[in-house]
Amino acid sequence: MAPPIKSRNRRSSTSSSYTSTLTTLVFIALCVLGVWMLTSNSVVSPKTHSAVDTSTTNDFSSNDQTTTANNNNDDDNNNNNNNNSDELASEKRINAKYNLDDSTTSERTTNANNNIDDSISETTNNGLTSESSTKNQDQKETTTVFGDNPGNLPDDAIKNDDANNVVNTNNNEQTKQEDKSSFAQNQEPRNSNNDQKIIVTEKDEVNAKGDQQQEAQDDANEQQLKEDKGESEVKMSKVDEPKEQENESHEEAVSVEKPKPERKRRKSRKELKKQWSTQADESRGEKERQNVNESGGSSSTSSSVVDQEGKDFKWTICNVTSGADYIPCLDNEKYLKTSHRKHFEHRERHCPEDAPTCLVSLPQGYKIHVPWPGSRDKIWYHNVPHVKLAEVKGHQNWVKLMGEFLTFPGGGTQFIHGALHYIDFLQQAQPDIAWGKHTRVILDVGCGVGSFGGYLFERDVIAMSFAPKDEHEAQVQFGLERGIPAISAVMGTQRLQFPSRVFDLIHCARCRVPWHEEGGMLLLELNRVLRPGGYFVWSATPVYQTLEEDVEIWKQMKALTKSMCWDLVTIKNDTLNQVGAAFFRKTSSNECYEQREQSQPPMCKDDDDPNAAWYVPLQACMHKLPADQTERGAKWPEVWPQRLQKAPYWLNDAEGEKLSTQNFAADSVRWKNVVFELRVMGVDWPNVRNVMDMRATYGGFAAALKDLPLWVFNVVNVDAGDTLPIIYERGLIGMYHDWCESFSTYPRTYDLLHADQLFSNLKTRCKLIPVIAEVDRVLRPGGHFVVRDDLSVVDEVENLIKSINWEITSKTSKNQEGMLCAKKSFWRPDS
């Protein structure tokens, strides 16, 4: 029989009741657990609690109760920010692993940091001191700049950003600092590529110009800053709010803590441009020179310019056989192939029909020259890479090759044991010479490598030395590289480019010139330029050897000099060098000429100007000497150095005369401050030895430089007033020249060129591009070029020298005159 239904229902009811009771107990337990968990959440975590305690101990000891009252709010914010930081760090690790763009991560990091700042501000409003408020404000500023820098951080903020944050930030901001560190670490791989974003400070923008690679990167950074300008200005507007509340507690804290570097005012673009035009341009120019020098003097840069006719012109390298030693008027290949060699015509000036507009190449391995006085004894081999003289004349102590240098023991063919001994020997043989007093300016014919003139500087004597560009390769170039005055010239069929009666003494030490031939034509040219009463010193084998040829030459020389009214004063032998020297003295009056039995050599015609020297053929005749005591040459100049500053006695003071003592004095005053003026313009005088005044008048520029260890070559233009005799009367040297043609010197032989009112005059007669090409040829790399002229002309010259990549170190103007100073670079065209 089936059980009754009622019994089944009762059993089911009992089970249901049991289940309800169990559910109720579980619910109660869960409630208890929830209450316990809520209670436990109000307890500060060990890490946060430690941070609060440390922060309170370090910074808020006087505010313990206030800090405790606000701990709960800080904990809530810190927990949220910790979670955000963990999420961001995890996301950045994923991005770094898979090279993902982390711009979104950076944005979220900034937002997280802003939340931290908000929490700190809340704490400050609830009772923190103004000191902590200022610190939090500074920390917020640092965070904003680090994430999106507007370019106004000081230098040490870049290198020591983390250290500064630790010192200037509350310890309860550890989470924020960790986020920043994580952000910086994630930024490092991205910043290693070419598109890196770096913080560019004001100082960096000024000083980094010397590095070309850094300069290109700065441009990229500036563009990036422009793109981020909107966001940066929004953030910085809050950071740059003035801090108006500073109390005593803040001052005490500053005295204990390491002060934060003071923020500099960001300069305007106008101020930066003015600063770049000096420091930055100079740094960039210096760096370029170092880079080109290290690479052997080559560069891939090329420049072009518009000529005076408005046509485009591009600079090229001179394609000539002589290469880096090219002298256009002496290396005329067309004329050198002719048969005109009897009188050395092929070694004289024969300029090309069209002045060259090309640039001369640099020798491989060229370096900045050895400064004086070290250059007298050695030069860089690669600057003048010629060894023939070392091989042929090495035993005579002309020059020797030693490693990277060519050394100069100071010897010569007639003074193997040194020039100083030989100079003293000449003084002892004829005391009236009186080196540096009675004798100041001399002409050294066939100078070799210039050792005689180089050692005469110790006796206050300056030598105008010359030798031909012949089989004795680079002898004059050696002298100029050593810092000794010299030009390339030959005694052939034309007059030397000097005025008459200007040299105190003329010297020839075995110069291989046939003085006795052609009626004594070449010796008569020396008579023209020798001062009345001056000496001709001839040290050659006919003077002291008894070979048949030498005896015959000596016989002819004695007869020739006697007919020229030269007195043979003495003959002395140098026992050390085993040579002899003959001393001839030129007459100082016309009586001897009138008393000669035969008029041979004849007297020159009255209409023959003895001072005419520019492409004037030689003549076998003699000019009369001045009869009036007021004429030039009638008296010997003042002793050195008085003669430098005193106006010559023969200057005409007649009213209206251009050459007068008044103009002489005014010229001296004009150049009085020239040394200081050029130093301000960027001229480095300790590295200047060879100087040329391209348009000299009275020699005032050279006189102003007297006390510096340098020499000045004064060039008087052929179309200007004949002031070259005044320059020699003052104890200086120079020659005539026309700058529409090439100068008779090797490339890279002068450290400074000075052009006063030169180019405005040349523009009426020739084009300026060939003149600039000649200036570039003559000036050494690193040398200075100073121009004084009309403003419009200075601007034109500036454009031309910029086209050959020279550095403009200074440019000024006063009234209608402009002054420009430029520095030559190592740049050469590619072709």
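Residue indices follow the written sequence of each chain, beginning from 1 at its first position. In view of the model being predicted, local features appear only for residues whose pLDDT reaches at least 70, and side-chain atom pairs are presented and counted only at 80 or more, with totals across whole chains, interfaces and linings using the full set of residues. The side-chain figures draw on all heavy atoms in the structure; neither hydrogens nor water molecules are used.

**Observations concerning the overall build of the protein**
When you go through the protein residue by residue, the secondary structure sums to 31 helices and 19 strands. Out of the 831 residues belonging to the protein, those deemed buried represent 49%. It only takes one pair of heavy atoms within 4.5 Å for two residues to be counted as in contact. For the protein, restricting intrachain contacts to residue pairs at least 6 apart in sequence, the fraction spanning at least 24 positions comes to 70%. Each helix is a run of DSSP H or I of at least 4 residues and each strand a run of E of at least 2, with the numbering of both proceeding from the N terminus. Classification of residues uses two cut-offs on accessible area relative to the type maximum, computed with a 1.4 Å probe and protein chains only: under 20% is buried, over 50% is exposed, and between them is partly exposed.

**Brief notes about the confidence of the model for the protein**
Per-residue pLDDT for the protein averages 76, and the proportion of residues at 70 or more is 65%. Ignoring residues within four places in sequence, the model shows residues 1-14, a span with pLDDT below 50, making one contact including any to other chains. Within the model, the stretch residues 42-212 combines pLDDT values under 50 with 210 contacts to residues more than four positions away or in other chains. By definition, pLDDT measures how confident the predictor is in each residue, and it falls between 0 and 100.

**Regarding a nonpolar patch on the surface**
Candidates for patches are residues over 30% relative accessible area with no salt bridge; among them, like charges are joined within 9 Å and nonpolar side chains (Val, Leu, Ile, Met, Phe, Trp, Tyr) within 5 Å. The protein chains shown are the only cover counted for residues, whose accessible areas, like all others here, come from Shrake-Rupley with a 1.4 Å probe. For this document, the term salt bridge refers to a Lys or Arg side-chain nitrogen within 4 Å of an Asp or Glu carboxyl oxygen. Residues Leu-22, Val-26, Leu-30, Leu-33, Trp-36 and Met-37 make up a contiguous nonpolar surface patch of about 610 Å² in total accessible area. Positionally, Leu-22 belongs in helix α1 (residues 5-41).

**What to know about the state of the cysteines**
Pairs of cysteine sulfur atoms within 2.5 Å are identified as disulfides in what follows. Under the definition given, this model contains six disulfides. Covalently, Cys-565 is tied to Cys-592 through a disulfide, its sulfur atoms 2.0 Å apart. Here Cys-565 and Cys-592 share a disulfide; its torsion about the S-S bond, -90 degrees, makes the bridge left-handed. Taken together, the positions of Cys-565 in the loop between α22 (548-563) and β11 (566-574) and Cys-592 in helix α23 (residues 591-595) put the pair 27 residues apart, joining distant regions of the chain. The disulfide partner of Cys-604 is Cys-621, and the S-S distance across this bridge is 1.9 Å. Measuring handedness by torsion sign, the sulfur bridge of Cys-604 and Cys-621 sits at about 90 degrees and is right-handed. In this pair, Cys-604 sits in the loop between α23 and α24 (642-645) while Cys-621 sits in the loop between α23 and α24, placing the two residues 17 residues apart along the sequence. Here Cys-604 and Cys-621 have matching classes, each one buried. Each disulfide of the protein joins two cysteines, and with those cysteines numbered along the sequence the arrangement is 1-4, 2-3, 5-6, 7-8, 9-10, 11-12.

**Re the sheet that holds strand β13 (residues 690-693)**
The strand order across the open sheet formed by seven strands is β15-β14-β13-β16-β17-β19-β18, and the pairing between neighbours is mixed. Where the open sheet ends on each side, the last strands, each with one partner, are β15 (733-737) and β18 (807-814). Between one strand axis and the next, the sheet turns through 15 degrees on average, direction left out of account. When DSSP finds at least two bridges between two strands, those strands are taken to pair. Relative to β15, strand β14 (residues 711-717) is paired through five bridges, and the arrangement is parallel. Following the sheet pairing, Val-716 is matched in β15 by Tyr-736. Axes here mean lines fitted to C-alpha atoms, for a helix over just the part in contact, with angles spanning 0 to 180 degrees between N-to-C directions. Sitting on the sheet, helix α30 (residues 768-778) is in contact with β16 (750-756) and β17 (779-790), with an inclination near 140 degrees to β17.

**Some thoughts on the side chain of Asp-776**
Following the sequence through the fold, Asp-776 ends up in helix α30. Assessed through its relative accessible area of 1%, Asp-776 is described here as buried. We define a polar contact as two N or O atoms separated by no more than 3.5 Å, with the added condition that, inside protein, one atom must be a possible hydrogen donor and the other a possible acceptor, whereas residues neighbouring each other in sequence contribute only through side-chain atom pairs. A polar atom in the side chain of Asp-776 sits 3.4 Å from the side chain of Trp-806. Not counting residues within four places of it along the chain, the set of residues in contact with Asp-776 comprises Leu-359, Ile-804, Trp-806, Lys-824 and Arg-828.

**Focus on the sheet that holds β11**
Pairing in this open sheet of seven strands is mixed, and the strands run β8-β7-β6-β9-β10-β12-β11 from one edge to the other. Of all strands in the sheet, those with a lone pairing partner are β8 (486-488) and β11, marking the two edges. Averaged over all neighbouring strand pairs, the angle between strand axes comes to 20 degrees, with direction disregarded. Here strand β6 (residues 441-445) pairs with strand β9 (residues 503-509) via four bridges, running parallel. Within β9, the residue paired with Val-445 across the bridge is Cys-508. Sitting on the sheet, helix α19 (residues 475-482) touches β7 (462-467) and β8, and the angle it makes with β8 is about 150 degrees. Against the sheet, helix α20 (residues 521-529) contacts β6, β9, β10 (530-539), β11 and β12 (579-586), and its axis sits at roughly 135 degrees relative to β10.

**Here's the deal with α22**
Here a helix's expected span is defined as the number of its residues, less one, multiplied by 1.5 Å. Taking 1.5 Å as the rise per residue, α22 with 16 residues should run 22 Å; its terminal C-alpha atoms sit 23 Å apart, in good agreement. Every buried residue of α22 is accounted for by Asp-550, Ile-553, Trp-554, Met-557, Leu-560, Thr-561 and Ser-563. Contacts made by the buried residues of α22 are with α20, β10, α21 (541-544), β11 and β12. Phi turns positive, to about 65 degrees, at Cys-565, one or two residues after α22.

**Quick word on the packing of aromatic side chains**
The pairing test for Phe, Tyr and Trp rings, Trp by its six-membered ring, is centres within 6.5 Å, and the orientation test on the planes gives stacked under 30 degrees, edge-to-face over 60, and tilted for anything in between. Within the structure shown, the criterion is met by 25 aromatic pairs. Ring geometry for Trp-372 versus Phe-457: centroids 6.0 Å apart, planes at 70 degrees, classification edge-to-face. Linking Trp-372 in the loop between α15 (333-336) and β3 (378-380) with Phe-457 in the loop between α18 (451-456) and β7, this pair joins segments that are 85 residues apart in sequence. Take Phe-457: its relative accessible area is 22%, and that puts it in the partly exposed class. Three or more aromatic residues joined by ring pairs make a cluster, and in this case those are Trp-515, Phe-536, Trp-538, Trp-554, Trp-566 and Phe-584. The rule for a charge over a ring is simple: NZ of Lys or CZ of Arg within 6 Å of the ring centre, and within 35 degrees of the ring normal. For Arg-440, the ring lying beneath its charged end belongs to Trp-640, and the centroid distance is 3.6 Å. Taking the ring centre of Trp-372 as reference, the NZ or CZ of Arg-689 above it sits at 3.6 Å.

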